Amino acid sequence: MNRVFNFSAGPSMLPLPVLEKAQGELVNYRNSGMSVMELSHRSDWFTEIITEAEQLLRELMAIPDNYKVLFLQGGASQQFSMVPMNLFTKSGKADYVNTGSWSKKAIKEAEKFGAVNVIASSEEANFTHIPDVDSTMIDPEADYVHITTNNTIEGTAYAEIPDTGDVPLVADMSSNILSEEIDVSKFDLIYAGAQKNIAPAGLTLVIIREDLIGHAPENCPAMLNYKTHSDSGSLYNTPPTYGVYMAKLVFEWLKELEGLREMEKINREKAQMLYDALEESSLFQSPVRKKSRSLMNIPFVSGSADVDAAFIKEAQAEGLETLKGHRSVGGMRASIYNAMPVEGVEALVTFMNDFEHKHR
Ligand code: PMP
């Protein structure tokens, strides 16, 4: 079997034991005589899958009882609209922190529904760091504050979650959910597309404090109202059943690993290995300021488009796949989500050293 180390920003690697488990159950799930893909979403088999998926996630993230877990579709991009549609309920004002391309898209969408105030931005520094956000910057009347905890394209992450006091904190956690221990109670709504640390693309996870549900305007489309999905246990319409099943397997894999504390330890080791290699390199460097460096997405540049192109091509020949950087940053980007094994990062670092010696 020729599996490569896939450094894609998403869809990205899934843990091999998860893929193998799914393979073993593919055509006949637990003697049902059917694939999970063929099960009715109202069947007992699927009810058990979605119930267990939720329970495992609650356990892994220590989600307090007053939060709902929703399994939705539409990607994180749909949350850019659902958040303002459901949460602009009092002042019609929201504070956003602009830390990159995805934040900008979230801001653009929210502006269609209310008054958006960008309270901090690192755009003038090419998004190479996370700007300081303190409680004095937050409008106490704002309906919510929105942050992107990990910026997939720029490779930045918050070293500390801002304290927003009584103003609800909404986080796009698409690219670092489940990568480290977090205190869910610091947030009021967390959303994430599944295709990085959860499951295949097509599933979107929302964790929302109960009392934020049910205040959308009358004309909010049913599918875009959190209440619809909360009231029906994410079964208002056909959910992405196979995605929920895969998420359940990934949650089981994380639990067997001994949870997010262990996952975080491994992720810190992997990222450190790569950042150390970049510090030592005379060819490559990280464009990101030290205190804002992401554990998940690590861009690096040589400064020469030709060298970058040769690196990406030669790396691919060595089984190091999808290292091309996002077009807005250039160079390379190694996305090292939960499923990227330590050996993958070791192989990348070894290759970087060899490449550097050859091209010196
Ligand atoms: N937010 C972040 C931080 C992302 O990385 C992405 C996708 N890469 C999105 C939002 C958009 O997600 P989706 O494609 O699921 O709509």
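Conventions used here
- Throughout, a residue's number is its position along its own chain's written sequence, starting from 1.
- Side-chain atom pairs in this predicted model are given and counted only at pLDDT of 80 or more, local residue features only at pLDDT of at least 70, and totals for whole chains, interfaces and linings cover all residues.
- Only hydrogens and water are set aside; all other atoms, that is, all heavy atoms of the structure, feed into the side-chain values.
- Here a helix means four or more residues in a row that DSSP labels H or I, a strand means two or more in a row labelled E, and each is numbered from the N terminus.
- Note that the radius of gyration is over C-alpha atoms, with the globule rule given as 2.2 Å times the number of residues to the power 0.38.
- Exposure is judged per residue with a 1.4 Å probe applied to protein chains only, and the accessible area is read against the type maximum: over 50% gives exposed, under 20% gives buried, and values in between give partly exposed.
- Any two residues having at least one pair of non-hydrogen atoms within 4.5 Å are treated as being in contact.
- Residue exposure ignores everything except the shown protein chains as possible cover, and the areas themselves are Shrake-Rupley values with a 1.4 Å probe.
- In this description, a nonpolar core means a group of buried Ala, Val, Leu, Ile, Met, Phe, Trp, Tyr and Cys residues linked to one another through side-chain atoms lying within 4.5 Å.
- Reported domain spans reflect what an automatic or database domain assignment gives.
- For two strands to be treated as a pair, DSSP must find no fewer than two bridges joining them.
- Note on definitions: buried area is the accessible-area loss of two parts on being combined, 1.4 Å probe, summed for both.
- Whenever a carboxyl oxygen of Asp or Glu lies within 4 Å of a side-chain nitrogen of Lys or Arg, that contact is scored as a salt bridge.
- Throughout this entry, Asp, Glu, Lys and Arg are counted as charged residues, while Ala, Val, Leu, Ile, Met, Phe, Trp, Tyr, Cys and Pro are counted as nonpolar. The remaining residues, Gly among them, count as polar.

A word on the overall build of the protein chain. Counting secondary structure elements, the protein chain contains nine helices and 13 strands. Here the protein chain has a C-alpha radius of gyration of 21 Å; the compact-globule value for 360 residues is 21 Å, and the two agree. The buried share of the protein chain, taken over its 360 residues, is 56%. Residue pairs in contact within the protein chain that sit at least 24 positions apart in sequence constitute 67% of those at least 6 positions apart. For the protein chain, the computed accessible surface area is about 16100 Å², with 49% contributed by carbon and sulfur atoms.

A separate point is the nonpolar core. Ranked by size, the top nonpolar core spans 57 residues in total, and within it L57, M61, I177, L178, I198 and F251 carry the most contacts. Of the residues forming this core, the biggest block, nine residues, is contributed by helix α6 (residues 241–256). Of the domains in this structure, domain 1 (16–256) and domain 2 (260–359) are the two that each give at least three residues to this core. Discounting residues that sit within four places of it in the chain, L57 has contacts with A62, I63, V69, L178, L205, I207 and F251. Core analysis: the next-biggest nonpolar cluster, separate from the first, contains 32 residues, M13, I312, A339 and L348 among them.

The next point concerns the side chain of N267. Examined against the element boundaries, N267 turns out to sit in helix α7 (residues 259–280). Judged by relative accessible area, which is 0%, N267 ranks as buried. Each residue touching N267, except ones within four places of it in the same chain, is listed here: S179, M296, I336, Y337 and N338.

Within strand β9 (residues 189–193), five of the five residues are buried, which leaves the element mostly enclosed by the surrounding structure. Every second residue of β9 is oriented toward a common face, with L189, Y191 and G193 on one face and I190 and A192 on the other, all of them buried. When strand β8 (residues 169–172) meets β9, the two strands line up parallel, connected through three bridges. Residue pairing in the sheet places D172 in a bridge with Y191 of β9.

A common way to express how large an interface is: the accessible area buried when the components associate. Here the protein chain is described as being made up of domain 1 (16–256) and domain 2 (260–359). Here the C-alpha centre of domain 2 lies 27 Å away from the C-alpha centre of domain 1. Listed by partner, the interface residues are 26 residues for domain 1 and 25 residues for domain 2. A buried area of about 2100 Å², summed over both sides, lies between domain 1 and domain 2, and 52% of it is on carbon and sulfur atoms. Of all residues in domain 1, the largest losses of buried area upon contact with domain 2 belong to I153, E180 and E181, amounting jointly to 25% of the total for that side. Between the two partners, domain 1 and domain 2, sit three salt bridges. Notably, a salt bridge pairs K291 with D132, separated by 3.9 Å at the nearest N-O pair. For the side of domain 1 that touches domain 2, the secondary-structure elements that each account for two or more residues are α2 (44–61), β6 (150–151), β7 (156–157) and α6. In the side of domain 1 that touches domain 2, the residues fall into ten nonpolar, eleven polar and five charged.

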